[in-house]
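# Structural overview
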Amino acid sequence: MAYSGYDKKSQFIVDTILALHFKLDQFMYDLVHCSHYEIIIYLWIQNLYHKGKSCEEAVQLIYRARNLFLLGKKPKSCASFYPKAS
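First things first, this report covers the structure right here in the doc. On a predicted model such as this, the values are computed, not experimentally measured, just so you know. (Residues numbered from 1 in each chain as written. Predicted model: local features only at pLDDT ≥ 70, side-chain atom pairs only at ≥ 80, totals over all residues. Heavy atoms only, no water.)

This part takes up the environment of tyrosine 42. The topology assignment puts tyrosine 42 in helix H3 (residues 36-50). A relative accessible area of 24% places tyrosine 42 in the partly exposed class. Residues tyrosine 42 and methionine 28 lie 14 residues apart in sequence; the distance between their C-alpha atoms is 9.5 Å. In terms of polar contacts, tyrosine 42 uses its side chain to reach the side chain of glutamine 46, at 2.7 Å. (Helix = DSSP H or I, 4+ residues; strand = E, 2+ residues; numbered from the N terminus. Buried < 20%, exposed > 50% of the residue type's maximum accessible area, 1.4 Å probe, protein only. Polar contact = N/O pair within 3.5 Å; in protein donor to acceptor, adjacent residues only side chain to side chain.)

Across soluble globular proteins, nonpolar side chains show a tendency to be buried alongside one another. Judged by nonpolar contacts, the single largest core of 14 residues is most densely connected at Ile17, Leu20, Phe22, Phe27, Ile41, Ile45 and Ile62. Within the residue set of this core, elements represented by two or more residues are helix H1 (4-19), helix H2 (24-32), H3 and helix H4 (55-71). The element best represented in this core is H4, accounting for four residues. When residues no more than four places from it in sequence are discounted, the contact partners of isoleucine 62 are Thr16, Leu20, Ile41, Trp44, Ile45 and Leu48. (Core = buried A, V, L, I, M, F, W, Y, C linked by side-chain atoms within 4.5 Å. Contact = heavy atoms within 4.5 Å.)

Geometry of an aromatic ring pair is reported as the spacing of the ring centres plus the angle between the planes. Taken as a whole and assessed by the stated rule, the structure comprises three aromatic pairs. A ring pair is formed by phenylalanine 12 and tyrosine 49, whose centres lie 5.3 Å apart and whose planes are at 50°; its orientation type is tilted. With a gap of 37 residues between them, phenylalanine 12 in helix H1 and tyrosine 49 in helix H3 connect regions that are remote in the sequence. Both rings, one in phenylalanine 22 and one in phenylalanine 27, keep their centres 5.2 Å apart while their planes meet at 45°; by these two values the pair is tilted. (Phe/Tyr/Trp six-rings, centres within 6.5 Å; stacked < 30°, edge-to-face > 60°.)

Here you go:
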């Protein structure tokens, strides 16, 4: 059957989105309307599928990547948030 690969890929995408605690319909709506966050997550899911990762592995990797991507490097102390008084 020609669609077996597509079905596996679609199921992987849906399972991963749901495991990340997104509402599937809202995620797809935002994706179609070019929301940057959903596009990035979707691209990560696609890449992980093509690398042969399981859904559980993909979720863990996306959580790690999302933290690094959104938070960047952690400052050494809270003092780094405030400018020095002159």
